[in-house]
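Architecture and fold: a report
Each chain, written out:
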Amino acid sequence: MTTEVQTNKMIVIDGVDGSGKGVQSRRLLQSLQDAGLQAILTREPGGSSAAEDIRGLLVTGEPEKWDSMTELLLMYAARRSHLRDTVWPALATGKWVISDRYADSSRAFQGIAGNLGLDTVEQIHRVTVGEFEPALVLILDLPESIALQRAHDRGGDEDRFEKKGADYHARVRDAFLQVAATDPARYHVIEADRSMDQVSQAIIEVVNQHFDLRLQANREIV
Ligand code: TYD
């Protein structure tokens, strides 16, 4: 059962690890707020107190700690909590929601790169989430070798997925493009192998066109 969502103003930014989603999500939030709009920024896995607990299990440790199916179930447990506690209440009060990753990461990482198949992901999606889909999904695309180097340079201990190797991440990149091609009205692929400012500008143009807004790109947040 979903909370009543009046108007769907959820924008997802997704893509390979190290694609610059974090900065671009923060910049998009700022652009919305600068225009006087009420907006929140959230993320997956995580985005609610309980889902952040599950995140800790997922992103640390060795790659083989969970198989793809267990990962998928944990991702969807976290996603359901995130939707119930954070996303749906915000949408119900008319706020914009920007999410750094959402269900297309499960389709790409577990479904395609992790070999479970998209049908399996869709079955779990239907029973845990139902019909709800974000209004717009932006896929930041760049060669996985550049993206992985960026993710590696960032450091930290949330590197369980990075350690799955270059082949896995090449499949993740292809998978995002494959998923995006299924619904060109809702998915936009943004070329991310260029400057942060150019990527921000490209994102703002897509958002402005999709929602008929006049937002300005933010160039301050890094
Ligand atoms: P994230 O914090 O976005 O990583 P990064 O900032 O390095 O891009 O996500 C953590 C990892 O979780 C990331 O490697 C992708 C993975 N993931 C999945 O495999 N399936 C999912 O459904 C989600 C939401 C994330």
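Now for a description of the structure that goes with this document. (Residues numbered from 1 in each chain as written. Predicted model: local features only at pLDDT ≥ 70, side-chain atom pairs only at ≥ 80, totals over all residues. Heavy atoms only, no water.)

**Focus on the nonpolar core**
- The biggest cluster of nonpolar side chains holds 64 residues, and the ones touching the most others in it are Leu28, Phe132, Leu138, Ile203 and Val207.
- Sort the elements by how many residues they give to this core and helix α3 (residues 68-92) lands first, with 10 residues.
- Aside from chain neighbours lying at most four places away, what touches leucine 28 is Ile11, Ile13, Ile98, Ile203, Ile204, Val207 and Leu215. (Core = buried A, V, L, I, M, F, W, Y, C linked by side-chain atoms within 4.5 Å. Buried < 20%, exposed > 50% of the residue type's maximum accessible area, 1.4 Å probe, protein only. Helix = DSSP H or I, 4+ residues; strand = E, 2+ residues; numbered from the N terminus. Contact = heavy atoms within 4.5 Å.)

**Some points on the pairing of strand β1 (residues 10-15)**
- In terms of residue burial, β1 counts as a mostly covered element, since six of its six residues are buried.
- Both faces of β1 are covered, namely the face carrying Met10, Val12 and Asp14 and the face carrying Ile11, Ile13 and Gly15.
- Bridge count for β1 against strand β3 (residues 96-100) is four bridges, and the pairing is parallel. Bridge pairing links valine 12 to serine 99 in β3.
- In terms of strand pairing, β1 meets strand β4 (residues 136-141) through five bridges, oriented parallel. Residue glycine 15 lies in a different strand from β4, and its bridge partner there is leucine 140. (Pairing = 2+ DSSP bridges.)

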